[in-house]
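Observations on chain architecture
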Amino acid sequence: MTIPHTAQAGPSRSVPRLFPADYTGVVLSPAEESDAALFLSTLDSFVSPRYYPPAQIIRLALHLATAIDGPTRPLRGVAPTVTTTQLSAQACRVLEKLVALHSDKLASFLPCVGGDASWAALGSLEKATVRRLTPCTRSGIWEILYAPRRTNAAARDHDAGDDDADGRDGDMRASGTVTDEGWAVLSVLVDAWDSAPPATFAAQLVRLDKRLAYDNAAAPLEVVAQAYGVGTTPTRRRSGARLVALLVRLARTSPPLFHPHALVVSLLALLRQLASPARALLLNMFASLPDPDSPDTPSTSANDAVTPARPAWTIAAYIYAQLVEDAAGVRETKTQERRRRGYGEFEAGQWSCPRVPYALKLLALPVQAGSRGTDEGDAAGILGPAKVGLLQLMLEHRGDQNWSEARDEGYLASLPGKEGPMLRVILQQLCCRVT
């Protein structure tokens, strides 16, 4: 059998196909012997525009990309001369290649909630992979972004060389911090989810009843919180922003895959838990959400079509409006009103921009201390930046509309908070523009 040389292969007009059985056998042979480095180099040489690997092989690569046991303990089944850091980088490069060529397949082959991460594993490397990925079937792929942490029983099995410990419940636990390797893999995963139907990303979320929309975003939003935490990087923040955009995309399918109100509440809770600098960065991120309706966004299946013609800035404006209502203590009242009367204060319902008259009312709302989970200081830290963000978006995209009320000196003088002077300056500029 001839090994394909992907560097010489040009674009293929044929539909990509799953590895033939002989390809799969050759690639898996090193894994069965627990030779991780040879497995990855063989996989790399077989991946091409024409062929993509089965789920079992993709999951082995995922495990090797993220399973760092610690600075001194070698990864199970790996030669001592090969560091786990080197293996992780090599595995991540292979995953990046798979995303570039077959992003939809990578996304659909990930272990997911309610799925099955096991197979007839041979050798310690495959068994360790099954054990590592089994928790993903309960709580999603997020588990592999964290450092694996063993129970006492699993650690004894590892040290004793127990090859039969292949997937026992509770053998592996995730620690509380996303690893450097986890961030690298997350960047690959969001590339894959961006190119796949929304339901593929939804499969990584937990829900109690399959008849209802998803309403639990705790796992991805914990990753977002760390992306905006202390000592983070622009690359990690970018991955966090893209996770938020993917969640918003789920809330905008028709019918919604994720409950829109539940997502807003989750985003508000996330902002409350962040320190002021991180909160400001996350608020600024809303204004630059990736556009879900851009021409580069792939079409989706009829079962989860995204509602059309709503650019990212209007979604950001809607989120800002919800943040203002919450910090001002009126969100719950407004939510009840909208259940009866609809979203007439917004241009096109949920996820759209507030109409100018309502935007002006939002800008004049004061901080309401004692709103749920928020003291007055925290509320002010959310309210001010959210008002400024909303007004700047509307100034850019709705500056030609009727802002006549903003010319009233009494209205301008009523703008509260530290952000009041800045809002007055922006509104005065706006009034000059439309006079």
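Residues numbered from 1 in each chain as written. Predicted model: local features only at pLDDT ≥ 70, side-chain atom pairs only at ≥ 80, totals over all residues. Heavy atoms only, no water.

**Observations regarding the overall build of the protein**
Stated formally: Secondary structure follows DSSP: runs of H or I at least 4 residues long count as helices, runs of E at least 2 residues long count as strands, and numbering of each begins at the N terminus. When accessible area is computed with a 1.4 Å probe and restricted to protein chains, residues below 20% of their type maximum are described as buried, those above 50% as exposed, and intermediate ones as partly exposed. Pairs of residues are marked as contacts when any of their non-hydrogen atoms sit within 4.5 Å. Using a 1.4 Å probe, the Shrake-Rupley method yields the accessible areas, and only the shown protein chains count as cover for residues.
Counting secondary structure elements, the protein contains 19 helices and four strands. Counting the 435 residues in the protein, one finds 49% classified as buried. In the protein, the share of contacts with a sequence separation of at least 24, taken over all contacts with a separation of at least 6, comes to 74%. Summing over all exposed atoms, the protein offers an accessible surface of approximately 19400 Å²; the carbon and sulfur share of this is 52%.

**Structural notes on the pattern of salt bridges**
Which entries qualify depends on this criterion: Should a side-chain nitrogen of Lys or Arg be within 4 Å of a carboxyl oxygen of Asp or Glu, the pair is scored as a salt bridge.
Summed over the entire model, instances satisfying the criterion amount to 13 salt bridges. Each of the salt bridges in this network shares a partner with another, and the network as a whole consists of Glu-325, Lys-334, Glu-337, Arg-338 and Glu-345.

**Overview of the environment of Arg-424**
By the element assignment, Arg-424 lies in helix α19 (residues 420–434). Using a relative accessible area of 24% as the deciding quantity, one classes Arg-424 as partly exposed. As for Arg-424 and Glu-409, which are separated by 15 residues in sequence, their C-alpha atoms are 9.8 Å apart. Sequence-distant contacts of Arg-424, that is, excluding residues within four places in its chain, are made with Leu-412, Ala-413 and Leu-415.

**Some details on helix α16 (residues 356–363)**
Of all eight residues that make up α16, six are buried, and the element is covered over most of its length. Among all positions of α16, only Val-356, Tyr-358, Ala-359, Leu-360, Leu-362 and Leu-363 are buried.

**Quick look at the nonpolar core**
The condition is simple: We call a set of buried residues a nonpolar core when its members are Ala, Val, Leu, Ile, Met, Phe, Trp, Tyr or Cys and they connect through side-chain atoms within 4.5 Å of each other.
Trp-142, Leu-145, Trp-193, Leu-243, Phe-286, Leu-323 and Leu-427 are the most contacted members of the largest nonpolar core, which has 129 residues in total. Top contributing element to this core by residue count: helix α14 (residues 312–327), with 12 residues. Once you skip the residues sitting within four places of it in the chain, Leu-323 turns out to touch Leu-268, Leu-271, Leu-283, Phe-286, Ile-382 and Ala-386.

**Focus: the environment of His-259**
Structurally, the position occupied by His-259 is in the loop between α11 (234–251) and α12 (260–273). With near-sequence residues (within four places) excluded, His-259 lies in contact with Ala-213, Tyr-214 and Asp-215.

**With respect to the packing of aromatic side chains**
What counts is decided by this rule: The criterion for an aromatic pair is that two Phe, Tyr or Trp rings (for Trp, the six-membered ring) have centres within 6.5 Å, with stacked assigned to planes under 30 degrees apart, edge-to-face to planes over 60 apart and tilted to the rest.
Enumeration over the complete set of coordinates arrives at 12 aromatic pairs. Both rings, one in Phe-19 and one in Tyr-23, keep their centres 5.8 Å apart while their planes meet at 65°; by these two values the pair is edge-to-face. Exposure remark for Phe-19: the relative accessible area of 5% places this residue in the buried category. Considering the side-chain rings of Tyr-23 and Phe-46, the 4.8 Å spacing of their centres and the 75° angle between planes classify their relative orientation as edge-to-face.

**As for the packing of helix α4 (residues 84–108) against helix α8 (residues 180–194)**
Put simply, the rule is: Only C-alpha atoms enter the line fits that serve as axes; for helices the fit covers just the stretch in contact. Angles between N-to-C directions range over 0 to 180 degrees. Comment on the angle field: the value is read as roughly parallel under 35 degrees, roughly antiparallel over 145, roughly perpendicular from 65 to 115, and oblique elsewhere. The hand of a helix crossing depends on one turn: near helix anticlockwise from the far one by less than a right angle means left-handed, and clockwise means right-handed.
Close contact between α4 and α8 brings their axes to 8 Å; oriented N to C, the two are set at 15°. In terms of orientation, α4 lies roughly parallel with respect to α8. Like other packed secondary-structure pairs, α4 and α8 cross with a definite hand, here right-handed. For the pair α4 and α8, contact is made by Ser-88, Cys-92, Leu-95, Glu-96, Val-99, Ser-103, Leu-106 and Ala-107 and by Glu-181, Ala-184, Val-185, Val-188, Asp-191, Ala-192 and Trp-193, respectively.

**Here we look at the side chain of Ser-34**
This is how it is decided: Under this definition, polar contacts are N or O atom pairs within 3.5 Å; protein pairs additionally need one hydrogen-donor-capable and one acceptor-capable atom, and for neighbouring residues in sequence, both atoms have to be side-chain atoms.
Summarising the element assignment, Ser-34 is placed in the loop between α1 (21–32) and α2 (36–46). Engagement of the side chain of Ser-34 in a polar contact is seen with the backbone nitrogen of Leu-125, the distance being 3.3 Å.

**A few points about the confidence of the model for the protein**
The line we're drawing: Residue-level confidence of the predictor is what pLDDT reports, using numbers from 0 through 100.
On average, residues of the protein score 81 in pLDDT, and 79% of them are at 70 or above. Segment residues 70–74 is flagged for pLDDT under 50; beyond a separation of four residues in sequence, or across chains, it makes five contacts in the model. Under a pLDDT of 50 for its full length, residues 152–171 has, in the predicted model, 34 contacts with residues more than four places off or in other chains.

**Some details on α2**
Convention followed: Directions are taken from the helix axis to each C-beta atom, and the arc is the one they span.
For α2, every residue scored as buried is listed here: Ala-36, Phe-39, Leu-40, Thr-42, Leu-43 and Phe-46. For α2, the angular spread of the buried residues around the axis is 165°, confining them to a single face. Elements in contact with the buried residues of α2: α1, β2 (51–52), α3 (55–66), α4 and α5 (123–133).

**Regarding unusual backbone geometry**
With an omega of -5°, the peptide bond between Ser-254 and Pro-255 qualifies as cis. Note on placement: Pro-255 falls in the loop between α11 and α12. Unlike most non-glycine residues, Ser-34 shows phi in positive territory, near 60°. A positive phi angle, near 65°, is found at Trp-351, a position not held by glycine. Its location among the elements puts Trp-351 in the loop between α15 (331–341) and α16. Residue classification places Trp-351 among the buried positions, given a relative accessible area of 3%.

**Focus on the environment of Glu-222**
Relative to the elements of secondary structure, Glu-222 occurs in helix α10 (residues 218–227). Between the C-alpha atom of Glu-222 and that of Trp-142, which follows or precedes it by 80 residues, the distance is 9.6 Å. Dropping the residues within four chain positions of it, Glu-222 is found in contact with Tyr-146 and Gln-273.

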